[in-house]
Amino acid sequence: MLEGCVPWPEDLAARYRASGLWLGLTIFEMVERTAVRTPDKVAVVCGERRVTYAELVLSAARLATAFHAQGLRALDRVVVQLPNGLDFVFIYLTLTRIGAIPVMALRAHRHAEVEHFINASGAVAYVVADIVGNFDYRDMAAEMQAKFPALRSVIVAGEPRARQIALRALLDASASASASAAPGTSAAPIPRPNPGDVATML
C-alpha cells in the first residue's frame, strides 16, 4: 500500500467484489485478457499505424522487463509527459505491468508544474518527448535531474541528451533479449502488482 493513501473501506470493497464489480485485475491484466480473446483486433490507431492487442501487450511486457532492469519497481512514481501517441500508450501500459505509478503531466506544463509533480510525488523517473513544437523537453528534464537527486532515470521518446535514456533503445534491447533468450531462460520475473494499489496519479 502506498504510504499516505487511504484504502477503500473494507466493507464497501467486499460488497464490490461480491457483486462482481471488482474483478481483482490490474489495468495491464484487463488489456491482456482482451488480447487473449481477440489478439488480432486493432487496439490503437495512430496515423497510418495500427497496433493489435497482441502486439500492444507483447511490446508492453517486453518494455516492462527493460524498465524493471533499470530499477523501476511497484509503487515507484514516474512523471509521464508525452503527446498523445503510441509511445504514451506503450509507456502507460508498461508502468501498469510493473505496478509503477504514472504521474500524468500535460504537454503544456513547464518547470513550475513539473517540479511540483516530482517533489510532491517523490518520482524516481521522468518520461518525456525530445522536442514537441518549439519546446525541448530534454533541457527541462536535465534541469530536473540536477535539482532532484532521487530522479534516477530520464527516458526520452526521441534523441536523448547525456545521462538520459532513449526509449527506442530500451524497446530494441528488450525485443533482442527476448528473441535471443535460450529456451527455459528469462530475466528475473516481475512480481504481479496488487490490483488494489494506486494505479495512476492525475
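Residues numbered from 1 in each chain as written. Predicted model: local features only at pLDDT ≥ 70, side-chain atom pairs only at ≥ 80, totals over all residues. Heavy atoms only, no water.

**A closer look at the environment of Val 6**
Along the polypeptide, Val 6 turns up in the segment before helix 1 (10–18). Sequence separation between Val 6 and Ala 120 is 114 residues, and the spatial gap between their C-alpha atoms is 17 Å. (Helix = DSSP H or I, 4+ residues; strand = E, 2+ residues; numbered from the N terminus.)

**Things to note about the packing of helix 2 (residues 27–37) against helix 4 (residues 86–98)**
The geometry of helix 2 relative to helix 4 is characterised by a closest axis approach of 7 Å and an angle of 110° between their N-to-C directions. Judged by the inter-axis angle, helix 2 sits roughly perpendicular to helix 4. Facing helix 2, whose interface residues are Ile 27, Phe 28 and Val 31, helix 4 presents Tyr 92, Leu 93, Thr 96 and Arg 97. Broken down by class, the residue content of the contact of helix 2 with helix 4 amounts to 5 nonpolar, 1 polar and 1 charged. (Axes fitted to C-alpha atoms, helices over the stretch in contact; angles between N-to-C directions. Parallel < 35°, antiparallel > 145°, perpendicular 65-115°, else oblique. Contact = heavy atoms within 4.5 Å. Nonpolar A, V, L, I, M, F, W, Y, C, P; charged D, E, K, R; others polar.)

**Thoughts on the pairing of strand 4 (residues 101–104)**
Every second residue of strand 4 is oriented toward a common face, with Ile 101 and Val 103 on one face and Pro 102 and Met 104 on the other, all of them buried. Pairing of strand 3 (residues 77–81) with strand 4, which is carried by 4 bridges, proceeds in the parallel orientation. Paired with Val 79 across the two strands is Val 103, which belongs to strand 4. In the classification by handedness, the crossover that spans strand 3, the intervening helix 4 and the parallel strand 4 is right-handed. (Buried < 20%, exposed > 50% of the residue type's maximum accessible area, 1.4 Å probe, protein only. Pairing = 2+ DSSP bridges. Right-handed = clockwise from strand over helix to strand, strands pointing away.)

**Quick look at unusual backbone geometry**
We note that Leu 75 has phi near 75°; this positive angle belongs to a residue other than glycine. Mapped onto the fold, Leu 75 is located in the loop between helix 3 (53–69) and strand 3.

**Thoughts on the sheet that holds strand 3**
Strand order in this open sheet of 5 strands is 4-3-5-8-9, and the pairing throughout is parallel. What marks the edges here is a single partner per strand, and that holds for strand 4 and strand 9 (165–166). Packed on one face of the sheet, helix 6 (residues 137–147) meets strand 3, strand 5 (125–129) and strand 8 (153–157) and runs near 165° to strand 5.

**Focus: helix 2**
Three or more residues of helix 2 are buried, namely Phe 28, Glu 29, Val 31, Thr 34 and Ala 35. Buried residues along helix 2 sit against helix 3 and helix 4.

Remember that the coordinates give geometry; whether it matters functionally is a separate question.
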